[in-house]
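Observations on the three-dimensional arrangement
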Amino acid sequence: MAHIITGTYQSPLGELVLGSYGEKLCLCDWSYRRMREAVDTRIREGLQADFVDEESPVIAEAITELEEYFRGERKEFDIPLLPVGSEFQNRVWEALQKIGYGQTASYRDVAEKIGKPAAVRAVASANGANALSIFIPCHRIIGSGGELTGYAGGLTAKRRLLELESDGLRQQELFAV
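1. Describing the overall build of the chain
- Summing up its helical and strand segments, the chain has six helices and six strands in all.
- Helices and strands in the chain line up, N terminus first, as β-β-β-α-β-α-α-β-α-α-β-α.
- In terms of its C-alpha atoms, the chain occupies a principal-axis envelope of roughly 50 × 40 × 25 Å.
- Every one of the 177 residues in the chain was classed for burial, and the buried ones make up 46%.

2. Section: the pairing of strand β1 (residues 2-11)
- Both β1 and strand β4 (residues 49-53) contribute to a ladder of five bridges, which runs parallel. Among the inter-strand pairings, I5 is bridged to a residue of β4, identified as V52.
- Two strands pair when backbone bridges link them, and β1 and strand β2 (residues 14-21) are joined in this way by seven bridges, in the antiparallel orientation. In the strand pairing of β2, I5 is matched with S20.
- Between β1 and β2, which pair antiparallel one after the other, the connecting turn spans two residues.

3. Re helix α3 (residues 87-96)
- Taken residue by residue, α3 has Q89, N90, V92, W93, A95 and L96 as its buried positions.
- Structurally, α3 contributes buried residues whose contacts are with α1 (36-47), α4 (107-113), α5 (120-128) and β6 (141-142).

4. Thoughts on the nonpolar core
- Grouped together as the largest cluster of nonpolar side chains are 40 residues, with contacts concentrated most on L25, L66, F70, L96 and I134.
- The element contributing the most residues to this core is helix α2 (residues 57-70), with six residues.
- Once you skip the residues sitting within four places of it in the chain, F70 turns out to touch Y9, S11, P12, L13, I134, L161 and L164.
- Of all hydrophobic cores here, the second largest spans ten residues; its members include C26, L27, L47 and A131.

5. Focus: the confidence of the model for the chain
- Per-residue confidence for the chain gives a mean pLDDT of 92; residues scoring 70 or more make up 94%.
- Note that residues 171-177 has pLDDT below 50 and, in this model, one contact with residues that lie over four places away or in other chains.

6. What about the packing of aromatic side chains?
- Applying the stated rule across the entire model yields six aromatic pairs.
- Between Y69 and F70 the ring centres are 5.3 Å apart and the planes differ by 75 degrees, which places this aromatic pair in the edge-to-face class. Each member of the pair, Y69 together with F70, is buried.
- Summarising the aromatic geometry, the rings of Y69 and F77 are spaced 5.5 Å apart at their centres and angled 40 degrees between planes, so their arrangement reads as tilted.

7. Focus: the packing of α3 against α5
- Their axes nearest at 9 Å, the elements α3 and α5 cross at an angle of 80 degrees. When the axes of α3 and α5 are compared, the pair comes out roughly perpendicular. Taken together, the residues of α5 that come into contact with α3 (itself represented by F88, Q89, V92, W93 and L96) are A122, V123, A126 and N127.
- When grouped by side-chain class, the residues that make up the contact of α3 with α5 number seven nonpolar, two polar and no charged.

Rules behind the numbers
- Residues numbered from 1 in each chain as written.
- Predicted model: local features only at pLDDT ≥ 70, side-chain atom pairs only at ≥ 80, totals over all residues.
- Heavy atoms only, no water.
- Helix = DSSP H or I, 4+ residues; strand = E, 2+ residues; numbered from the N terminus.
- Buried < 20%, exposed > 50% of the residue type's maximum accessible area, 1.4 Å probe, protein only.
- Pairing = 2+ DSSP bridges.
- Contact = heavy atoms within 4.5 Å.
- Core = buried A, V, L, I, M, F, W, Y, C linked by side-chain atoms within 4.5 Å.
- pLDDT = per-residue confidence, 0-100.
- Phe/Tyr/Trp six-rings, centres within 6.5 Å; stacked < 30°, edge-to-face > 60°.
- Axes fitted to C-alpha atoms, helices over the stretch in contact; angles between N-to-C directions.
- Parallel < 35°, antiparallel > 145°, perpendicular 65-115°, else oblique.
- Nonpolar A, V, L, I, M, F, W, Y, C, P; charged D, E, K, R; others polar.

Listed below in structure tokens is the structure:
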């Protein structure tokens, strides 16, 4: 049976579980999230592989990119991703990746972007099922009225991620002449 190599990263906002399959990152998720077991099962079954805690160059690169992100030095990620989900979920996750650093969108915006304007709840569900947190920026989704909505890492982590990106944009503006 194939293996998903796993490891952990202690981010400034909490512990993340990382997983690589082949040369791609398939997991970057909050270790304490409520749906941890369901997400792990979906990935194991989708890839027909078991988790093995080992060293991985993909995980090492993911940690480097995350550290740069948390220091405000990285606004886009380069590591190849392998999202594991349904066709609909993958469409939602592709749309999420198009929401730029420091930007936000609503579930309705994403539903319209993927051509399914009536699928707001399904988009919210797919957003919540994202197993590549930060790399697929589900934290950039807010309520239609601008309020913070649920996040696997918790609303405090979501707020801090949005503040980090907002500060990064402000700093970039200060140096633009």
